[in-house]
Amino acid sequence: PATGEVKGSTATAYEGSHFARWTNTEGGTVGTSPEFKPVKIGGLHVSATYVATFAENTYTVAFDANGGVGEPMADQSLTYGAGPVRLSKNTYTRPGYTFAGWALDGHSTTPDYADNSFVADLTENDDATVVLHAVWLEGDMVVIGYGSADDSMGSVSPTSETLAPASGEATGSTATPAPGHAFVSWIDTAESVVSEEATFVPSKVEGLNVAATHTAT
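Please read these numbers as outputs of a predicted model, since none were measured by experiment. Counting from 1, residues in each chain are numbered in the order their sequence is written. In view of the model being predicted, local features appear only for residues whose pLDDT reaches at least 70, and side-chain atom pairs are presented and counted only at 80 or more, with totals across whole chains, interfaces and linings using the full set of residues. Each side-chain value is worked out from all heavy atoms of the structure, with water and hydrogens disregarded.

### A few points about the overall build of the protein
Rules: Helix and strand assignments follow DSSP, with helices taken as H or I runs no shorter than four residues and strands as E runs no shorter than two, numbered in order from the N terminus. Note on method: radius of gyration uses C-alpha positions; expected globular size equals 2.2 Å times residues raised to 0.38. For every residue, the accessible area obtained with a 1.4 Å probe (protein chains only) is divided by the maximum for its type, and the residue is called buried under 20%, exposed over 50%, and partly exposed between those limits. Any two residues whose heavy atoms approach within 4.5 Å at even a single point are treated as in contact. In these tables, accessible area is a Shrake-Rupley quantity obtained with a 1.4 Å probe, and a residue counts as shielded only by the protein chains included in the view.
For the protein, the helix and strand inventory stands at 0 helices and 19 strands. Here the C-alpha atoms of the protein give a radius of gyration of 34 Å, more than 25% beyond the 17 Å that 2.2 N^0.38 yields for 217 residues. For the protein, the C-alpha atoms occupy an extent of roughly 120 × 25 × 25 Å along the three principal directions. Considering the protein as a whole, with its 217 residues, one finds that 29% of them fall into the buried category. Across the protein, every contact between residues at least 6 apart in sequence was considered, and the portion connecting residues at least 24 apart equals 63%. Surface exposure of the protein reaches about 12900 Å², of which carbon and sulfur atoms provide 52%.

### Some details on unusual backbone geometry
Each neighbour pair has its own omega, and for serine 157 with proline 158 the value is -5 degrees, a cis peptide bond. As for its position among the elements, proline 158 is in the loop between strand S13 (154-157) and strand S14 (160-163). Although it is not a glycine, aspartate 127 sits at a positive phi angle of roughly 65 degrees. One can find aspartate 127 in the loop between strand S10 (118-119) and strand S11 (129-138). Residue aspartate 127 is classed as exposed on the basis of its relative accessible area of 64%.

### Quick word on the side chain of asparagine 90
Note the following rule: Nitrogen and oxygen atoms within 3.5 Å of one another constitute a polar contact, given that in protein one can donate a hydrogen and the other can accept it, and given that sequence-neighbouring residues count only through two side-chain atoms.
Residue placement: asparagine 90 occurs in the loop between strand S8 (85-86) and strand S9 (97-103). For asparagine 90, a relative accessible area of 13% puts it in the buried group. At a separation of 3.0 Å, a polar atom in the side chain of asparagine 90 contacts the main-chain amide nitrogen of tyrosine 92. Residues contacting asparagine 90, with those up to four places away along its chain left out, are Met73, Phe99, Trp102, Asp115 and Trp136.

### Quick look at the environment of proline 38
Positionally, proline 38 belongs in the loop between strand S4 (35-36) and strand S5 (51-56). As a C-alpha pair, proline 38 and threonine 176 span 138 residues in sequence and 96 Å in three-dimensional space. Proline 38 has contacts with Val6, Gly8 and Tyr50, leaving out every residue within four places of it along the chain.

As structure tokens, this is what we get:
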């Protein structure tokens with residue numbers, strides 16, 4: 001009791017958990033480091049029992065819009081080993097695109113998790129943050145048509161183009177009048193003039209290509 005040298009003990013956490021503290025039989029904290037060596041009391045070692053306590057690791061899931069728009073989604077707090085938890089439902093949108101799910105890689109075109117799906121144990125590290133990035137798939141292709149009001153008076157080239165709704169860039173069409181005739185204007189289906197230039201390139205509408213037919217007169 002007087003001359004002995006105590007070696008103490010070391011607490012080792014298993015995967016997915018972390019050391020919390022050492023306690024005595026009354027539940028009082030006697031150490032916050034995994035390595036614990038009791039001290040003498042009144043210059044003597046005393047009989048005692050000490051217990052290492054552990055806690056499950058918790059981590060944060062954050063949601064990256066990854067090109068989408070909308071109010072930032074709130075983070076979720078998950079606990080390792082607690083079983084599946086449903087992800088928050090996506091609230092982001094992106095014009096011209098459909099939300100496909102969440103990916104761990106921000107450049108991925110294939111989701112790792114579907115919207116509002118169950119996940120578990122995304123990381124074993126305590127206080128870590130796992131970022132899920134939105135995966136967007138561009139919508140259906142858009143066809144823009146070009147034509148001549150009277151083929152005997154002139155032609156247009158090309159007569160159509162097919163574009164991705166958001167990323168596609170229109171190249172337009174050029175009207176060429178026949179000999180003895182003159183180009184007047186391009187009109188839309190409502191017969192409103194959209195251009196008086198022989199070469200017409202339609203503009204996007206709110207950032208998107210839209211299906212339409214334009215006619216040279």
